[in-house]
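# Survey of secondary and tertiary structure
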Amino acid sequence: MGIFEEFEARKIAGEKLSLDDLVEEDLRTMFIEEHVSDSMLSQLFNVKKSKITYRRRKQGITIRNSILDDYLFVKSEHAKELNKKVKAELLVDENLTMIAKALTHFAFRNGPIEDMHANPNNQLSDSDMKTLNKFMVNRIAYIFKLIIEKRWIELDFLIRQIDRWYGHGWDAAIPDDGDTRKIIELMLKK
């Protein structure tokens, strides 16, 4: 039974429903997941439709935001299918160079290493940067080659062998999207 049906059952049982009892999470679920219209909610709570619409929009519950959430968090079946399709199109040998270069920029070049290279004291020469960039692109390409070819045993061996010998004193990893999600949201809101 959905949230709307629960409210309906309470109303049928004689309870007088108050709009004050409608919390944001329930409104979001009914509008986004259960596809309950503002008109249906206005009848349920015996208020004007405009009151529901105003409240919903004030809380940022809109079709556009629901689409964003759906696709960025891969919630609906359609988003799950699209996610599988994108994965299949992305993870192919032809994209190996593109993936490796993009991830090298994301994880390495567009970080502190660029500041070291741009430093007036010339900590890293152009030749040094070229060597480092080539090394990173090639290593990331190898990792994604293992992923594309589903060579999980080799990838597991690589990860566990390196983990066994190096990095034990390092801080724990904290995923950092580099504001990618914010950029996607801004692009989708246009």
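Before going further, it helps to spend a moment on the overall build of the chain. The helix and strand tally for the chain stands at 11 helices and 0 strands. Helices and strands in the chain line up, N terminus first, as α-α-α-α-α-α-α-α-α-α-α. Viewed in the frame of its principal axes, the chain has a C-alpha envelope of about 75 × 45 × 35 Å. Here the chain has roughly 14,400 Å² of accessible surface; of this, 57% comes from carbon and sulfur atoms. Taking the average location of the 31 positive side-chain charges in the chain and that of its 32 negative ones, the two points are 4 Å from each other.

It is at 8 Å that the axes of helix H3 (residues 38–45) and helix H4 (residues 49–58) come closest, and there the two elements cross at 115°. In this structure, H3 meets H4 at a crossing whose hand is right-handed. Residues Asp38, Ser39, Leu41 and Ser42 of H3 form the contact with H4, whose own contacting residues are Lys49, Ile52, Thr53 and Arg56. Partitioned by chemical class, the residues of the contact of H3 with H4 number 2 nonpolar, 3 polar and 3 charged.

Turning to the packing of aromatic side chains, a few remarks are in order. The way to describe two aromatic rings as a pair is by their centre distance and the angle between their planes. A complete count under the given rule lists 1 aromatic pair for this structure. Lying over the aromatic face of Phe31, Arg56 brings its terminal NZ or CZ to 4.1 Å of the ring centre.

Thresholds, definitions, all that
- Residues numbered from 1 in each chain as written.
- Predicted model: local features only at pLDDT ≥ 70, side-chain atom pairs only at ≥ 80, totals over all residues.
- Heavy atoms only, no water.
- Helix = DSSP H or I, 4+ residues; strand = E, 2+ residues; numbered from the N terminus.
- Areas by Shrake-Rupley, 256 points an atom, 1.4 Å probe, with all protein chains shown as cover.
- Lys, Arg positive; Asp, Glu negative; His and termini not counted.
- Charge placed at Lys NZ, Arg CZ, Asp CG, Glu CD.
- Axes fitted to C-alpha atoms, helices over the stretch in contact; angles between N-to-C directions.
- Left-handed = near helix turned anticlockwise from the far one by under 90°.
- Contact = heavy atoms within 4.5 Å.
- Nonpolar A, V, L, I, M, F, W, Y, C, P; charged D, E, K, R; others polar.
- Phe/Tyr/Trp six-rings, centres within 6.5 Å; stacked < 30°, edge-to-face > 60°.
- Lys NZ or Arg CZ within 6 Å of the ring centre and 35° of its normal.

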